[in-house]
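What follows is each chain in one-letter form.
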Amino acid sequence: SLGICIPLATGYMSSFFCPFPIKTTIVIGEPIQFSIKEEGNPTREEVDAAHAQFMTALTRLVDNHKTRLGYGDRELEII
């Protein structure tokens, strides 16, 4: 038997393929340099260090721009 799924959501001008236009702000931070000993085969410690470095950079990026973008009263919560 043949089955199909009919989407129940609509977007811009009742289109199923084009989402509603909403204001989106993108901020870009400084490049992050990760160090691994063997290319393509990082150790668990190297992955954990890179993850910690990324989370610190992400938190700093949010804190640096949140007031200007109208979110100064909020805290970033990473679960």
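What you see is a predicted model; the values in this text were computed from it and never measured.

What's the story with the overall build of the chain in this structure? I'm lost.
The secondary structure content of the chain amounts to one helix and zero strands. Within the span of the chain, comprising 79 residues, buried residues form 5% of the whole. Contacts spanning at least 24 positions in sequence make up 22% of the contacts within the chain whose residues lie at least 6 apart. Working note: accessible area of the chain is about 7600 Å², and carbon and sulfur atoms make up 59% of it.

It is not clear to me how the pattern of salt bridges should be interpreted in this structure. Could you clarify?
Close approach of charged atoms allows side chains with opposite charge to pair. Counted according to the given criterion, the structure contains three salt bridges. Of the charged contacts in the structure, one is a salt bridge between arginine 44 and aspartate 48, with a shortest N-O distance of 3.6 Å. Taken as a pair, arginine 44 and aspartate 48 lie in helix 1 (residues 44-65) at a separation of four residues, close to a single helical turn. Owing to a relative accessible area of 40%, aspartate 48 belongs among the partly exposed residues under this scheme. Of the charged contacts in the structure, one is a salt bridge between aspartate 63 and lysine 66, with a shortest N-O distance of 3.5 Å. Residue classification places aspartate 63 among the partly exposed residues on the basis of a relative accessible area of 36%. Under the relative-accessibility criterion, lysine 66 is labelled buried at 12%.

What is the right way to read the environment of histidine 51 from this model?
Relative to the assigned elements, histidine 51 resides in helix 1. The class of histidine 51 is partly exposed, set by a relative accessible area of 48%.

Whenever I open this one, the side chain of glutamate 46 confuses me. Can you help?
With respect to the helices and strands, glutamate 46 occurs in helix 1. Lysine 37 provides the closest opposite charge to the buried, salt-bridge-free glutamate 46, at an N-O distance of 5.5 Å. Of the polar contacts made by the side chain of glutamate 46, one reaches the backbone nitrogen of threonine 43; its length is 2.8 Å.

Is there a simple way to explain the side chain of lysine 66 in this structure?
Mapped onto the elements of the fold, lysine 66 is located in the segment after helix 1. A polar side-chain atom of lysine 66 sits 3.4 Å from a polar atom in the side chain of glutamate 75. If we ignore the near neighbours within four places in the chain, the residues touching lysine 66 are Tyr71, Gly72, Arg74 and Glu75.

Definitions and cut-offs
Residues numbered from 1 in each chain as written. Predicted model: local features only at pLDDT ≥ 70, side-chain atom pairs only at ≥ 80, totals over all residues. Heavy atoms only, no water. Helix = DSSP H or I, 4+ residues; strand = E, 2+ residues; numbered from the N terminus. Buried < 20%, exposed > 50% of the residue type's maximum accessible area, 1.4 Å probe, protein only. Contact = heavy atoms within 4.5 Å. Areas by Shrake-Rupley, 256 points an atom, 1.4 Å probe, with all protein chains shown as cover. Salt bridge = Lys/Arg side-chain N within 4 Å of Asp/Glu carboxyl O. Lys, Arg positive; Asp, Glu negative; His and termini not counted. Polar contact = N/O pair within 3.5 Å; in protein donor to acceptor, adjacent residues only side chain to side chain.

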